[in-house]
Each structure stands twice: as structure tokens, then as C-alpha cells.
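Given next are the chains, with one letter for each unit.
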Amino acid sequence: MLISCNSTCDTCEGEGKVFCQTCEGNGETACSHCEGTGIDECSYCKGAGEMSCTNCAGSGKERKLDIASGEYIDQSCQKCSGSGTSECNFCSGEGSGNCEPCKGTGNVTCKECNGEEKLVCKTCDGTGKI
Ligand SMILES: [Zn+2]
Ligand SMILES: [Zn+2]
Ligand SMILES: [Zn+2]
Ligand SMILES: [Zn+2]
Ligand SMILES: [Zn+2]
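If you're wondering where the values come from, they're calculated on a predicted model, not measured in any experiment.

Attention now moves to the overall build of the chain. For the chain, the count of helices and strands is zero helices and 10 strands. Scanning the chain from its N terminus toward the C terminus, one meets helices and strands in the order β-β-β-β-β-β-β-β-β-β. Computed over its C-alpha atoms, the radius of gyration of the chain comes to 29 Å, more than 25% above the 14 Å expected for a compact globule of 130 residues. Every one of the 130 residues in the chain was classed for burial, and the buried ones make up 18%. For the chain, long-range pairs separated by at least 24 residues make up 74% of all intrachain contacts whose partners lie at least 6 apart in sequence.

With that settled, the discussion passes to the environment of Asp40. Note on placement: Asp40 falls in strand S3 (residues 39–41). By C-beta crowding, Asp40 is classed as partly exposed, having 19 other C-beta atoms within 10 Å. Counting along the chain gives 75 residues from Asp40 to Gly115, while the straight-line C-alpha distance between them is 23 Å. Those residues in contact with Asp40, other than ones at most four positions away along the chain, are His33, Cys34, Ser96, Gly97, Asn98, Cys99 and Glu100.

Time to look at the pairing of strand S5 (residues 61–66). The buried fraction of S5 is low, at zero of six residues. Strand direction decides the pairing type here: S5 and strand S6 (residues 71–76), joined by six bridges, are antiparallel. Bridge pairing links Lys64 to Ile73 in S6.

Quick notes on the rules
Residues numbered from 1 in each chain as written. Chains lettered and ligands numbered in written order. Predicted model: local features only at pLDDT ≥ 70, side-chain atom pairs only at ≥ 80, totals over all residues. Helix = DSSP H or I, 4+ residues; strand = E, 2+ residues; numbered from the N terminus. Rg over C-alpha atoms; globule rule 2.2 N^0.38 Å. Buried ≥ 20, exposed ≤ 12 C-beta atoms within 10 Å, placed from the backbone. Contact = placed C-beta atoms within 7 Å. Pairing = 2+ DSSP bridges.

Here is the structure:
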């Protein structure tokens, strides 16, 4: 490379800064956690929208003392109507929620330029001249 004193840097056209390639000058990149959708699978129910019933531990049955006979009998769990599952409290049964790393926006601040959109030109060290 030819080095001539005080000529304008071609790479940054004398600005001393170049657009960040990583985010293409947006200052943000697509969130890798949710692949830019902003939606993340609910980590509590693993996306199923339901979790096993806390009352019967997923068995669908609960044990109750039968007063008349004095014996324990199995009956359908009243909380889940015997299904053994209940709606996930964390996602209201949706199975998904806002992605945490990007707060549901689908974008995160570019790590390369820290959201500054531009990087110091390496060719001229930010001086704009070479
Ligand atoms: Zn430059
Ligand atoms: Zn995300
Ligand atoms: Zn959930
Ligand atoms: Zn139950
Ligand atoms: Zn960037």
C-alpha cells in the first residue's frame, strides 16, 4: 500500500469512521436467541402452554378420606378436572412470551459497534487521513 502524507482516507472518505458491517449501520442486530422474531418459547412449560397440575402432581387424581366408610378413595382432581394438566401461569396458556434478551423487539444492540452504528476506520485510525 502506498502511503502518502495527509491524503484523504479512501476507506472512510475522510470521515474517520466507517459503517459497522455487522449491523449494516443500524446499530442493532437480529436477536440470535429468538432469531429476530421477538417471541420466545415459554421456559416454564417448554412451549406447551400447560404444565402438570400442582394439586395432583399431574396424576389427575386426588386422594380423599371418605367420611362414610372411613377409607381413602381416589377421586378426580377438582383443580384440573382429572386431566392432570393446568394452564401455564407464566404464559397464560400461550406457550410463548416475549424474548428476554431482546425484550420482545427481535433486535439487540450490535456488539461490534455498541449501537454506535459506525466504527473507527482501521485504515486511518479514525483520523480521516493517511
Ligand atoms: Zn479512514
Ligand atoms: Zn430475542
Ligand atoms: Zn408457559
Ligand atoms: Zn389436578
Ligand atoms: Zn454494529
